[in-house]
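Each chain, written out:
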Amino acid sequence: MTKTHPSQPARVRFAPSPTGLTHLGSARTALYNFLIAQQTGGSFILRIEDTDQKRYDPNAEADLTNSLKWLGLDWDEGPGVAGPHAPYHQSQRMGIYRQHAEDLVSAGKAFYCFCTPQQLEQDRKQQQERKEQPHYAGRCRELPLAEARARVAAGETHVIRFKAPKEGSITVVDRLRGEITVENRNIDDRVLLKSDGHALYHLAAMVDDHLMGITHVFRGEEWLPSLPLHAHIYEAFGWPQPEWVHLSVFLKPSGKGKMSKRDTEQMRLSGQSIFVKDLAAMGYLPEAVLNWIALMGWSYDDRTEFFALADLVEKFDIDKLNPSPSAIDFKKLDHFNGLHIRALSVEDLATRLLPYFAAAGYQVSVEQLLPIVPLIQTRMTTLDEAPELAGFFFKEEVSAQADTLIGQGLDVAQSAAAMRRAIEIIQGLAEFNTASLEEPMRAAAEELGLKAGQFFGMLRNAVTAQQVSPPLFESMELVGRETVLTRLRAAVEKLES
Ligand code: GLU
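The following refers to the structure shown. What you see is a predicted model; the values in this text were computed from it and never measured. (Residues numbered from 1 in each chain as written. Predicted model: local features only at pLDDT ≥ 70, side-chain atom pairs only at ≥ 80, totals over all residues. Heavy atoms only, no water.)

### Let's talk about helix H18 (residues 434-447)
Line of reasoning, step 1. In this model, H18 (14 residues) spans 20 Å end to end at C-alpha, consistent with the 20 Å of a helix rising 1.5 Å per residue.
Line of reasoning, step 2. Those residues of H18 lying buried are Thr434, Ser436, Leu437, Met441, Ala444 and Ala445. Taken around the axis of H18, the buried residues stretch over an arc of 145 degrees, which confines them to a single face. Projecting away from the buried face of H18 at angles above 90 degrees are the exposed residues Ala435, Glu439, Glu446 and Glu447.
Line of reasoning, step 3. Those residues of H18 hidden inside the fold are in contact with helix H17 (412-428), helix H19 (452-464) and helix H20 (472-479).
Line of reasoning, step 4. Gly449 lies just past H18 and shows a positive phi near 70 degrees. (Helix = DSSP H or I, 4+ residues; strand = E, 2+ residues; numbered from the N terminus. Expected span 1.5 Å × (residues − 1). Buried < 20%, exposed > 50% of the residue type's maximum accessible area, 1.4 Å probe, protein only. Arc of directions from axis to C-beta. Contact = heavy atoms within 4.5 Å.)

What follows is the structure, given as structure tokens:
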């Protein structure tokens with residue numbers, strides 16, 4: 001086992017299968033790879049494992065590259081950037097895999113198998129009856145190579161299987177879990193190359209990881225049971241093994257079990273999602289998503305929670321990865337989103353809000369948003385809340401529900417009188433701004449025998465027609481004296497009609 005010193009440039013790869021939308025689990029694997037590459041001055045490689053035609057989803061790759069770009073996890077080699085080991089799509093590397101499979105056959109480490117699906121099915125049934133784990137029964141394992149080659153040359157349908165050693169045991173090392181020892185007789189003669197010439201993961205990924213000089217393999221825990229087989233394949237080729245790092249799985253928010261396809265769909269219906277694309281549309285910041293997923297399986301200490309990507313690059317440490325599963329917690333995502341929204345500059349936040357205002361039907365510019373952003377920056381959890389909070393600034397007219405204009409515990413006439421008083425005060429102010437409004441308005445509340453909250457609540461509804469808004473006087477200042485007066489007068493009219 002070669003240990004890679006962390007300061008040596010790491011070559012790491014994210015190797016997704018394009019079978020669906022990019023989810024949190026993939027994003028986290030990509031992130032950890034990216035961090036190690038950045039931290040060591042190494043390379044982050046994107047490899048598309050598209051050998052399984054049945055599960056191939058033609059939209060998945062665009063979603064994947066868009067998701068990685070949105071997260072800011074740019075790859076050094078891979079689709080769109082090329083690199084010394086191109087092509088980076090496995091579907092374009094089939095010749096390489098066949099050659100390697102044939103090499104293993106020649107070396108006596110793999111064999112041609114001519115068993116028919118019916119024979120294999122029968123074997124499986126018999127094994128079931130004997131209460132054995134299903135495994136390849138070994139029928140073609142010891143065929144003389146010359147005979148097997150003659151059958152292949154004659155065009156007989158065949159696959160290539162790995163000839164797993166049957167004696168003794170193998171010890172593999174997972175960086176998070178330490179040594180794992182397995183009896184070789186429990187390792188199956190798995191298919192490496194299918195009868196249609198397509199390589200399977202067990203061959204394609206090992207060959208590519210070796211040829212691409214991969215130093216650390218970060219992959220999901222679901223691959224841990226295959227690790228002994230993979231270690232044998234490396235040994236059969238005579239290659240040194242990479243560091244194996246099997247990442248913990250994500251559990252449902254309830255903590256009870258892994259997310260199923262059905263859970264994922266139901267989650268989407270209820271307005272939550274594990275897909276990167278959805279989180280972007282919902283108004284989460286890439287910084288917050290990265291912060292959140294970084295800590296689902298890794299921690300720096302038990303206090304620090306805010307990490308920008310640069311902090312993660314500096315502080316990430318493989319040996320602090322946690323092998324236990326982690327439940328998806330959307331409340332934490334909201335929390336991180338709030339933190340990262342507040343950490344943005346006003347200009348940056350204004351720019352990021354533009355598409356949300358546009359989607360809500362407001363044509364606004366960054367310049368128009370600049371004075372408003374400071375009023376809403378601390379009040380947002382997701383970016384899509386901004387138009388709900390600040391839409392009233394951009395409306396020609398607002399139309400508050402009549403009943404919201406009636407102060408709590410007041411009748412219509414009292415409410416209209418209170419509005420009139422506010423209008424008088426505003427007309428009489430030498431200057432119209434937050435500071436000049438505050439005092440006379442508080443005094444008016446007292447004069448009218450109202451609590452400040454009662455009075456200001458009515459005014460808020462009249463000026464914004466929203467139950468929730470930024471602070472009243474700041475809002476009024478930005479809306480401007482004339483518009484405020486118009487809206488207050490409209491409120492009086494509404495109350496009196
Ligand atoms: N294509 C495999 C998957 O998506 C990759 C596993 C690996 O990273 O080796 O599960």
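### Observations regarding the pairing of strand S8 (residues 216-220)
Line of reasoning, step 1. Counting buried residues along S8, five of its five residues qualify, which places the element largely inside the surrounding structure.
Line of reasoning, step 2. Examined bridge by bridge, S8 and strand S9 (residues 243-247) share five bridges and lie parallel to one another. Each bridged residue has a counterpart across the sheet, and for Arg219 the counterpart in S9 is His246. (Pairing = 2+ DSSP bridges.)

### Digging into the packing of helix H10 (residues 286-294) against helix H12 (residues 330-343)
Line of reasoning, step 1. Contact geometry for H10 and H12: axes closest at 8 Å, N-to-C directions at 135 degrees. With respect to H12, the axis of H10 lies oblique. For the pair H10 and H12, the sense of crossing is right-handed. Residue-level contacts link Glu287, Ala288, Val289, Asn291 and Trp292 of H10 to Phe330, Lys332, Leu333, Phe336, Asn337 and His340 of H12.
Line of reasoning, step 2. When the residues that make up the contact of H10 with H12 are grouped by side-chain class, the tally is six nonpolar, three polar and two charged. (Axes fitted to C-alpha atoms, helices over the stretch in contact; angles between N-to-C directions. Parallel < 35°, antiparallel > 145°, perpendicular 65-115°, else oblique. Left-handed = near helix turned anticlockwise from the far one by under 90°. Nonpolar A, V, L, I, M, F, W, Y, C, P; charged D, E, K, R; others polar.)

### Here's the deal with the site of the ligand
Line of reasoning, step 1. Arg13, Ala15, Pro16, Ser17, Glu49, Tyr201, Phe218, Arg219 and Trp223 make up every residue found near the ligand.
Line of reasoning, step 2. Side-chain polar atom of Arg13 to an oxygen atom of the ligand: 2.6 Å apart, as the coordinates give it.
Line of reasoning, step 3. The contact in question runs from an oxygen atom of the ligand to an N or O atom on the side chain of Trp223, over 3.3 Å.
Line of reasoning, step 4. Considering the ligand on its own, with 300 Å² of exposed area, one finds that the protein chains cover 81% of that surface. (Near = heavy atom within 4 Å. Polar contact = N/O pair within 3.5 Å; in protein donor to acceptor, adjacent residues only side chain to side chain. Areas by Shrake-Rupley, 256 points an atom, 1.4 Å probe, with all protein chains shown as cover.)

### Focus on the packing of aromatic side chains
Line of reasoning, step 1. Applying the stated criterion to the full structure yields 17 aromatic pairs.
Line of reasoning, step 2. Relative to Trp239, the ring of Tyr234 lies with its centre 5.9 Å away and its plane at 80 degrees, an arrangement referred to as edge-to-face.
Line of reasoning, step 3. For Trp239, a relative accessible area of 14% translates into the label buried.
Line of reasoning, step 4. Connected via pairs of aromatic rings, a cluster forms that spans Tyr32, Trp298, Tyr300, Phe307 and Phe316.
Line of reasoning, step 5. Across the ring face of Phe114, the terminal group of Arg151 is positioned such that the distance to the ring centre comes to 4.1 Å. (Phe/Tyr/Trp six-rings, centres within 6.5 Å; stacked < 30°, edge-to-face > 60°. Lys NZ or Arg CZ within 6 Å of the ring centre and 35° of its normal.)

### Overview of the pattern of salt bridges
Line of reasoning, step 1. Evaluated as defined, the whole model comprises 29 salt bridges.
Line of reasoning, step 2. Arg13 serves as the salt-bridge partner of Asp209, at 2.8 Å between the closest nitrogen and oxygen. Of the two residues, Asp209 sits in helix H6 (residues 201-211) while Arg13 sits in strand S1 (residues 11-14), which places them 196 residues apart along the sequence.
Line of reasoning, step 3. Note on Arg13: relative accessible area 3%, which makes it buried.
Line of reasoning, step 4. With a closest N to O distance of 3.2 Å, Asp263 and Lys252 form a salt bridge. Of the two residues, Asp263 sits in helix H8 (residues 261-269) while Lys252 sits in the loop between strand S10 (250-251) and H8, which places them 11 residues apart along the sequence.
Line of reasoning, step 5. In this structure Asp263 comes out as buried when scored by relative accessible area, which is 18%.
Line of reasoning, step 6. Look at Lys252 and you get partly exposed, because its relative accessible area is 23%. (Salt bridge = Lys/Arg side-chain N within 4 Å of Asp/Glu carboxyl O.)

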